[in-house]
Amino acid sequence: MISALVLGKRVKQGIDKLTEFAALSSNPDHSEKLSGLSSTYRNMIRYTAEGVYDPERKKVYYHLQQSLLNINDSVKQDLLSRFSGWQTYWLKANVEREKELAGKKIIQKIDDLSFKTELDDWLRETGTRLSDSGSELKIKHDKLIENIFSHLWLTDRYGEAEDELLSIIRDGENFTWYEQSIFVSALTLSALRLWESKKIVHLINIYRDGTEKVSERALAGLVLSLQYHDGRVGIYPELVAQLQNLSDDNMFREHIRIVTMQFIRSRETEQISKRLHDEILPKVADLRPKLEEKLDLENLLPEDLIEGKNPDWKDMFKESEEVFKSMEEFSKLQMEGADVYMSAFANLKNFDFFRQFSNWFLPFYPDHDSLNEVFQDEVLSEGTNELAEALYKTPFICNSDKYSLVLNLRHLPASQKSMMLKVFRMELEGLEQAGEGEFDPDKNVKFRTSTTQYLQDLYRFFKLSPYKNEFEDIFKGKLDIYNSLFYKLIFGEGEDLSMIADYFFGKDFYTDALEIYRIVIDSAEGDIQLFEKAGYCYQQEGAYSKALDMYLKSDLIEKKTWTTKKIAFCQRRLGNFEEALKYYKEAEKDEPDNMHTIAMIGQCYLDLGDYDSALKYYFKVEYHDPDNIRVLRPIAWCYLVKGELERSRKYYNKLAGSKLSGHDYINIGHMHLCLGERQEALENYRKSLSEGGISRNDFINIFEDDREVIEKYDVDPDDLPIIIDHILFEVDD
């Protein structure tokens, strides 16, 4: 709230609120600094009110906002450390305690770091291979890595010591790429926890170093930090200038697009996981007995299938075509970078490995200690190198899940371990063959893969880690990076948004797509597809008047049958039946054999009460599509309204062979009632409630709506409310 007030230029209110907030802090410096800033601001606004020109006023104002927000951040950290009880602040207190024990309460230079001795020792040992996990040097080194990670993560404000430490890390000679990677994660977590423009600059510099698998993480951290602290970017002119300079680099822009799209793609993860858990896996489980009868599961992966997919797989699933289609769909999603494994590995995050905070961000590499137990396993030991190499190279599983998989291997039965080895050998061979194939036209494929895996690692941390409640979930909400100031600084207003809008459109996120299409339409006049897509989004949201407006604009530019039918659809939804009929008849000229258009013309005539014309069109549908059960409903109803009850009965009898809806039972009941067949009528009315899912209120309302039709026959109007009550009593009994 205070941040919003200060950034919204309601500084006086922000100071008032912050004064109350600072009074709760254990540090009196906060209130003292705030008092000084308040005096400065009063003088500034007094001069401004009196009309005194100050060329430095904008710079002073920015500095004031920055200082107020810094105090707000510091007070927040102080209160959280005292009252939250979070593990984060317990660790932070330990780091502070180690500083005091080292006699360095304030860290100014790198020599003040509590682990400076260990760092110096390691720098002298640079190039040493740490193969023995139990050696003293390895233990010391691991401790040093944790100390650096904790220091970078838990330090509020970076100074000369952190600058020099990050310079050593970036050098590339002293730490491995995977160690550099977790340090970048620590820097990102620190930037998310407490804003500081210097941290942002460090992320930019690490990205620009271009170290493979490290640069990707730095850019992801940069995007997430700038998105999270979006309002603050604009009050740092130097940072704004640096981002604008970077925007001239086409590679940087493309990398930002990749990170943005993958971040947005994470919105699908919960939906995919739910579908796997609720729909796909239960159906696959139901298929298992059949599969075991049809297949020799022990030889499911024979050597002669290594070159490609089993051509019999589709036949194997033909009794459950829906499952096969779903599996194909998930395979496509996986290729696009969707997180399809979240649910599969969610329950494999309880190993001791994940109790170490930094391991949630550790890239998978073949020499990690977690593979030691696999080396010692009777079944797996002979294939450990292949297993590790295959996991390292596979692009479809994130680092966190790779560790989960390895750690879980030791708990599997011998037969499953053997099967896993076969799978990994095939995977490795397939990856090697792919590497020897044609040149991949996507020059960013490695960047895209590393970014995808890293963001999925972050997703698991924020959703599954035991520390998740201590962090604001960056994967909640709209994830609308494209609306952030930094994104607009790089791409400009409205530019580059069509790709994101089309992604939302393709995933049925119509509200999000529409938000962007509205922006893009203003800067892309005359783009038919934009009008069409925006119209469709409005249509899906039920805003038919706005959808109609978009479709009509598209129609003015170019006549299309698709647009014509959409205009007709919206006109009908808006109750403009004559207009709808006009446009459907126009579409009929272009597509005389389109049965959907024919049916909709019949529907328009039905809406207008022209039942004879409606029947002509419904009969066309019945003739050309004799298996279409749905067309029987309006035909039977038209005959009922026209008074041709026996013909109506004929069609309702045809319909009875299918699953009847609640409305079907009511309409059939009306037919029997008009024919004087009271018992049959009552039975169908009862079924509309008991089997058709019609509620009591809906039953009453439908009956009242149809009263005019029923009363045309020899049915006493006074009997109708009695019939309704009789049915309701019977259903209650």
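Keep in mind that what you see is a predicted model, and the values were worked out from it rather than measured. (Residues numbered from 1 in each chain as written. Predicted model: local features only at pLDDT ≥ 70, side-chain atom pairs only at ≥ 80, totals over all residues. Heavy atoms only, no water.)

A. Structural detail: the overall build of the protein chain. Secondary structure summary: the protein chain contains 39 helices and zero strands in total. For the protein chain, the residues scored as buried account for 47% of the 733 residues in total. Once local pairs closer than 6 in sequence are excluded, the contacts in the protein chain between residues at least 24 apart make up 66%. As displayed, the protein chain offers around 37500 Å² of accessible surface, 48% of which is attributable to carbon and sulfur atoms. (Helix = DSSP H or I, 4+ residues; strand = E, 2+ residues; numbered from the N terminus. Buried < 20%, exposed > 50% of the residue type's maximum accessible area, 1.4 Å probe, protein only. Contact = heavy atoms within 4.5 Å. Areas by Shrake-Rupley, 256 points an atom, 1.4 Å probe, with all protein chains shown as cover.)

B. Local environment of helix H27 (residues 528-540). With 13 residues, H27 extends 18 Å between its outermost C-alpha atoms, agreeing within 8% with the 18 Å of an ideal straight helix rising 1.5 Å per residue. Along H27, the residues that are buried comprise Ile 528, Leu 530, Phe 531, Glu 532, Lys 533, Ala 534, Gly 535, Cys 537, Tyr 538 and Gln 539. The N-cap residue of H27 is Asp 527: its side-chain oxygen and the backbone nitrogen of Gln 529 are 3.1 Å apart. Gly 542 lies just past H27 and shows a positive phi near 85 degrees. (Expected span 1.5 Å × (residues − 1). Polar contact = N/O pair within 3.5 Å; in protein donor to acceptor, adjacent residues only side chain to side chain.)

C. View of the nonpolar core. Formed by 198 residues in total, the largest nonpolar core has its most connected members in Ile 148 and Phe 699. The residues touching Ile 148, leaving out its near neighbours within four places in the chain, are Phe 115, Leu 119, Leu 165, Ile 169, Phe 175 and Phe 183. (Core = buried A, V, L, I, M, F, W, Y, C linked by side-chain atoms within 4.5 Å.)

D. Region of interest: the packing of helix H14 (residues 250-265) against helix H25 (residues 498-506). At a minimum axis separation of 11 Å, H14 and H25 run at an interaxial angle of 20 degrees. Here H14 is positioned roughly parallel relative to H25, judged by the angle of their axes. Both H14 and H25 take part in a crossing whose hand is right-handed. In this structure, H14 contributes Arg 257, Thr 260, Met 261, Ile 264 and Arg 265 to the contact, and H25 contributes Met 499, Ile 500, Tyr 503 and Phe 504. Residues of the contact of H14 with H25, tallied by class, amount to six nonpolar, one polar and two charged. (Axes fitted to C-alpha atoms, helices over the stretch in contact; angles between N-to-C directions. Parallel < 35°, antiparallel > 145°, perpendicular 65-115°, else oblique. Left-handed = near helix turned anticlockwise from the far one by under 90°. Nonpolar A, V, L, I, M, F, W, Y, C, P; charged D, E, K, R; others polar.)

E. The arrangement of the side chain of Gln 262 in detail. Inspection of the secondary structure puts Gln 262 in helix H14. Judged by relative accessible area, Gln 262 falls into the buried class, the value being 6%. A polar atom in the side chain of Gln 262 sits 3.3 Å from the side chain of Thr 452.

F. Expanded view of the environment of Arg 97. Tracing the backbone through its elements, the reader meets Arg 97 in helix H5 (residues 87-101). A relative accessible area of 45% places Arg 97 in the partly exposed class. C-alpha of Arg 97 to C-alpha of Ser 114: the two residues are 17 residues apart in sequence and 9.8 Å apart in space.

G. The pattern of salt bridges, seen in detail. As enumerated under the stated definition, the model contains 45 salt bridges in all. Here Asp 73 and Arg 232 are joined by a salt bridge, their closest N and O atoms 2.7 Å apart. With Asp 73 in helix H4 (residues 57-83) and Arg 232 in helix H12 (residues 230-233), the pair connects residues that are 159 residues apart, well separated along the chain. Just as Asp 73 is buried, Arg 232 falls in that class too. Lys 116 is the partner of Asp 111 in a salt bridge, and the nearest nitrogen-oxygen pair spans 3.4 Å. Ionic contacts of the salt-bridge type, sharing partners, join the residues Asp 339, Lys 349, Asp 401 and Arg 460 into one network. (Salt bridge = Lys/Arg side-chain N within 4 Å of Asp/Glu carboxyl O.)

H. Layout of the packing of helix H35 (residues 662-674) against helix H36 (residues 678-690). Contact geometry for H35 and H36: axes closest at 8 Å, N-to-C directions at 165 degrees. The angle between the axes of H35 and H36 places the two elements in the roughly antiparallel class. Crossing of H35 against H36: the hand is left-handed. Contact with H35, carried on its side by Gly 662, Tyr 665, Ile 666, Ile 668, Gly 669, His 670, His 672 and Leu 673, involves Arg 678, Glu 680, Ala 681, Asn 684, Tyr 685, Lys 687 and Ser 688 of H36 and no other residues of that element. Broken down by class, the residue content of the contact of H35 with H36 amounts to six nonpolar, six polar and three charged.

I. Representation of the packing of aromatic side chains in the model. Within this structure, the stated rule accounts for 47 aromatic pairs. Judged by centre distance (6.3 Å) and plane angle (40 degrees), the rings of Phe 619 and Tyr 639 are tilted. A residue pair is termed long-range when its members are at least 10 positions apart, and Phe 619 in helix H32 (residues 611-624) and Tyr 639 in helix H33 (residues 632-642) qualify at 20 residues. By relative accessible area, Tyr 639 is classed as buried at 6%. The cationic tip of Lys 213 hangs over the ring face of Trp 177; the distance from NZ or CZ to the ring centre is 5.7 Å. Stacked on the ring of Phe 509, the Lys or Arg Arg 267 has its end atom at 4.5 Å from the ring centre. (Phe/Tyr/Trp six-rings, centres within 6.5 Å; stacked < 30°, edge-to-face > 60°. Lys NZ or Arg CZ within 6 Å of the ring centre and 35° of its normal.)

This is a description of form; function is not addressed.
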